[in-house]
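Fold and contact review
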Amino acid sequence: MAMCCPISHVDTAWLRMDSPHNLMQIVGVMVFDGELDQASLRQSISERMLRYDRFRQIATLENGSYFWRDDPDFDLDHHLKRAILPGDGGKEALQAFAADLCATPLNPHRPLWEWHLVDTSLGGQALIVRIHHAIGDGIALVDVLLSMMDDASGVPGGGAKPHALPAKHKVEGGRHFLDMIWAPVSTAMLTSMKVSSNLWLKYMELVSNPRKAMDYIGIGYDVAAEAAKLALMGNDSPTRLKGKPGPVKRVAWSEPLPLPEVKAVGRVLSCSVNDMLLSAAAGAIRAYLLAKGDPVEGLEVRVMVPVNLRGEGDRGTLGNRFGLVALELPVGIANPLTRLYTVRERMEALKGSYQAVLALGILGVVGMAPKLVQQQILDLLANKASAVMTNVPGPQKSLYLGGARLAQPMFWVPQSGNIGVGVSILSYDGNVQIGLITDKGLIPDPEHIANRFNDEFSQLLLLVLMEPPERLTDPEAVEAALRAG
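Residues numbered from 1 in each chain as written. Predicted model: local features only at pLDDT ≥ 70, side-chain atom pairs only at ≥ 80, totals over all residues. Heavy atoms only, no water.

1. Describing the pairing of strand β5 (residues 80–84)
As a reminder, the rule being used: One bridge is not enough; two strands pair if DSSP finds at least two bridges between them. Going along the chain from the N terminus, every DSSP run of H or I of four or more residues is numbered as a helix, and every run of E of two or more is numbered as a strand. A right-handed crossover is one whose linking path, passing over the helix from the first strand to the second, runs clockwise when the strands point away from the viewer.
Summarising the sheet, β5 and strand β6 (residues 113–119) pair through 5 bridges and their orientation is parallel. Within β6, the position partnered with Lys81 by the bridge is His116. Since β5 and β6 lie parallel, the crossover through helix α3 (residues 91–102) that links them has a hand, and here it is right-handed.

2. Remarks on empty space enclosed by the protein
Formally: A 1.4 Å probe that fits but cannot get out identifies a cavity on a 1 Å grid over protein atoms alone, an open set with protein on both sides within 12 Å along at least five of seven lines counts as a pocket, and a residue lines either if it has an atom within 4 Å of a point. Grid points are joined across faces, edges and corners, and a volume is the space filled by probe spheres set on the points. Polarity classes work like this: nonpolar for Ala, Val, Leu, Ile, Met, Phe, Trp, Tyr, Cys and Pro, charged for Asp, Glu, Lys and Arg, and polar for all others, with Gly in that last group.
Across all of its chains, the model carries 6 cavities of 30 Å³ or more by this definition. Lining the largest cavity are 21 residues; nearest its centre among them are Val142, Leu145, Pro409, Met410 and Phe411. It is helix α4 (residues 138–147) that contributes the most residues to the lining of the largest cavity, 5 residues altogether. In terms of residue class, the lining of the largest cavity is made up of 17 nonpolar, 4 polar and no charged. The space that makes up the second largest cavity amounts to roughly 100 Å³. Around the second largest cavity sit Asn22, Leu23, Gln25, Val27, Cys102, Lys249, Trp412, Val413, Pro414, Gln415 and Ile437, which together line it. A per-class count over the lining of the second largest cavity returns 7 nonpolar, 3 polar and 1 charged.

3. Quick look at helix α10 (residues 259–269)
How we decide: Here the term buried applies to any residue with accessible area under 20% of the maximum for its type, exposed to any over 50%, and partly exposed to those in between, with areas from a 1.4 Å probe on protein chains only. Here the arc refers to the directions that run from the helix axis out to each C-beta atom. Note on definitions: a residue-residue contact is assigned when non-hydrogen atoms from the two residues lie within 4.5 Å.
Listed in full, the buried residues belonging to α10 are Leu259, Val262, Val265, Gly266 and Leu269. Taken end-on, α10 shows its buried residues confined to a sector of 130°, consistent with a single buried face. Away from its buried face, by an angle of more than 90 degrees, α10 presents the exposed residues Pro260 and Arg267. For α10, the secondary structure elements touched by its buried residues are β9 (257–258), α11 (273–291), α12 (336–350), β15 (421–428), β16 (431–439) and α15 (447–466). A positive phi of about 55° marks Ser270, the residue just after α10.

4. So, a nonpolar patch on the surface
Inclusion rule: Surface patches are drawn from residues lacking salt bridges whose relative accessible area is over 30%; two like charges belong together within 9 Å, two nonpolar side chains (Val, Leu, Ile, Met, Phe, Trp, Tyr) within 5 Å. The accessible surface values rely on the Shrake-Rupley method and a 1.4 Å probe; as for residues, cover is taken only from the protein chains in view. By definition, a salt bridge exists where a carboxyl oxygen of Asp or Glu is found within 4 Å of a side-chain nitrogen of Lys or Arg.
A cluster of nonpolar side chains, namely Leu462, Leu465 and Met466, defines an oily patch on the protein surface of about 330 Å² accessible area. If you trace the backbone, Leu465 turns up in helix α15. The exposed category is assigned to Leu465, whose relative accessible area is 65%.

5. Remarks on the pattern of salt bridges
Considering all chains together, one arrives at 15 salt bridges under this definition. The shortest N-O distance in the salt bridge between Glu114 and Arg130 comes to 2.6 Å. With Glu114 in strand β6 and Arg130 in strand β7 (residues 125–132), this residue pair connects regions lying 16 residues apart in the sequence. Each member of the pair, Glu114 as well as Arg130, is classed as buried. Its salt-bridge partner being Asp445, residue Lys292 comes within 3.0 Å of it at the nearest N-O pair. Here Asp445 lies in the loop between β16 and α15 and Lys292 lies in the loop between α11 and β10 (301–308), a separation of 153 residues in the sequence. Salt bridges linked by common partners bring Asp33, Arg405 and Asp429 together as one network.

6. A few points about the nonpolar core
The following threshold applies: Remark: nonpolar core denotes a set of buried residues (Ala, Val, Leu, Ile, Met, Phe, Trp, Tyr, Cys) joined through side-chain atoms within 4.5 Å.
Judged by nonpolar contacts, the single largest core of 51 residues is most densely connected at Leu269 and Met276. Looking at this core, the element that brings in the most residues is α11, giving 10 residues. Residue contacts for Leu269: discarding those within four places in its chain leaves Met276, Leu337, Leu340, Tyr341, Arg344, Val464 and Leu472. Counting 46 residues, the second-largest nonpolar core is a separate cluster that includes Leu41, Leu50, Phe55 and Leu117.

7. So, the sheet that holds strand β1 (residues 4–6)
Put simply, the test is: Only the contacting stretch of a helix is used when fitting its axis, a line to C-alpha atoms as for every element, and angles between N-to-C directions run 0 to 180 degrees.
With antiparallel pairing, the 3 strands of this open sheet are ordered in space as β1-β4-β3. Each edge of the open sheet carries a strand with a single partner, namely β1 and β3 (57–62). Each strand of the sheet is rotated relative to its neighbour by a mean of 30°, with strand direction disregarded. As paired elements, β1 and strand β4 (residues 65–70) share 3 bridges and run antiparallel to each other. In the strand pairing of β4, Cys5 is matched with Trp68.

8. Things to note about the pairing of strand β8 (residues 249–253)
With respect to burial, β8 is a largely interior element, 4 of its 5 residues being buried. Of the pairings in the sheet, the one linking β8 to β16 comprises 5 bridges and is antiparallel in character. Residue pairing in the sheet places Lys249 in a bridge with Asp439 of β16.

9. Some details on the state of the cysteines
Applicable threshold: Whenever a pair of cysteine sulfur atoms sits within 2.5 Å, that pair is classed as a disulfide.
Counting across every chain of the model gives 0 disulfides. No disulfide involves Cys4; its sulfur sits 6.5 Å from that of Cys5, the nearest cysteine.

10. Things to note about the packing of α10 against α15
The cut-off we apply is this: To sort the angles, those under 35 degrees are grouped as roughly parallel, those over 145 as roughly antiparallel, those from 65 to 115 as roughly perpendicular, and the leftovers as oblique. If you view the pair so one helix is near and one far, a crossing is left-handed when the near helix is turned anticlockwise from the far one by less than a right angle, and right-handed when it is turned clockwise.
Running from N to C, α10 and α15 point in directions that differ by 55°, and their axes come no closer than 10 Å. As far as their axial angle goes, α15 and α10 are oblique. The two elements α10 and α15 meet at a crossing, and its hand is left-handed. Here α10 contributes Glu261, Val262, Val265, Val268 and Leu269 to the contact with α15, which in turn contributes Phe457, Leu460, Leu461 and Val464. Class assignment of the residues belonging to the contact of α10 with α15 gives a composition of 8 nonpolar, no polar and 1 charged.

11. Some remarks on the environment of Asn418
For Asn418, the position within the fold is in the loop between β14 (404–412) and β15. Overall, Asn418 belongs to the partly exposed group, its relative accessible area being 31%. Considering only alpha carbons, one finds Asn418 and Asn22, 396 residues apart in sequence, at a separation of 9.2 Å.

12. Observations regarding the sheet that holds strand β13 (residues 400–401)
With mixed pairing, 6 strands are arranged side by side in an open sheet as β5-β6-β7-β2-β14-β13. The open sheet has two edge strands with one neighbour each: β5 and β13. Of the strand pairs in this sheet, β6 and β7 are connected by 7 bridges, and their pairing is antiparallel. Looking at β7, one finds that Glu114 is bridged to Arg130. On the sheet, helix α2 (residues 38–49) packs against β5, β6, β7 and β13 and is oriented at approximately 160° with respect to β6.

So, to be careful, I would describe these as geometric facts and stop short of saying anything about function.
Right, dumping it as structure tokens:
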């Protein structure tokens, strides 16, 4: 019996966000040691991935609403394809092939995902996975991919356990903040009347105006303050990281960095692994801009950082349940210690913030609005940032698929509006690395950023090895000592 279910408002927003220059696809590259057994691979896809109905369903528009409907002609061969890389089949060829797929739309008349099994000269095969963001967010999709794999003893592997939603995001009476944001507009109302663009803009003004929102739904000062901050946030600093995008993309990834070293340096400096990696990314961007001759003095680059809002009851489900917080990366700070401590301070300030919940609420609202209004609102938000930066902690053990060991996983998230850079940080099996997707017209050589990532961490490692611990709390003293030789 064919199945059909409505697409949620948040997922509808992602489905309609596609543009010729920025496709809303989550793209992953998995490099394996050796060749995969294709029969075993097909079995894993069939038994573990296709148990989710969403991967057998087509997104359809019917009478102004979107639905997931079963594909009556579903065939795994439409989604699992083979490819041979040109030339030497090495890392650069694999990156170029992945970049081409990032800019190639998925077939809208079939379920919105594809796997490409690629022969390489890297010691094994690679799998390139493309899944539309409307199907699920990064946490959900990484969970799906990891559930398809086995550990060394053949036991099915699992993804990272999602963090529960903080209690402060509940309001009096047990109502969730998102419910209160969406309360004025119900599905019944949408189907019973035509909502004009003008009315939607007034509704968004209500949501983004802290005083009106506070008066209307009584959610308190903290949420109103976050709404004001989001509404009044200015556009980001003008750099080559953003601008009018084109249809051609570039991808790159760094060499793996030993995670135990990152943790050890973090303990000495009283910083989290996340602080260390974000600071290294900021340093890599700084070094790249300097090499291009761009001004960096005092430069702040705002990045949108996804925050997992999945609760315990959301484990194993698809769809999008994440928000976004805006982080100012101190790219203009040359001293690596000062830059690190500044990142730590700013990340601490974001903990417990309502920004992520507000962003998810806005996605739900615009998913109900006419597409034109959605685009206007999302373009406005996109102008406030230059990059999307994700950090996903993966399993710290070797995983296997089709009888082959997963040696190196990478992934990239999509961008919208004039955002030209997507940065992903992924840890796996004792290593961590950075991956980038960029617009060719803006950043034609993302490998020059990726290659600097490890160098930036090496600076911090060298300082920890050279300087006494008590001096490391004073970045200016360390800088003066280094200058003095």
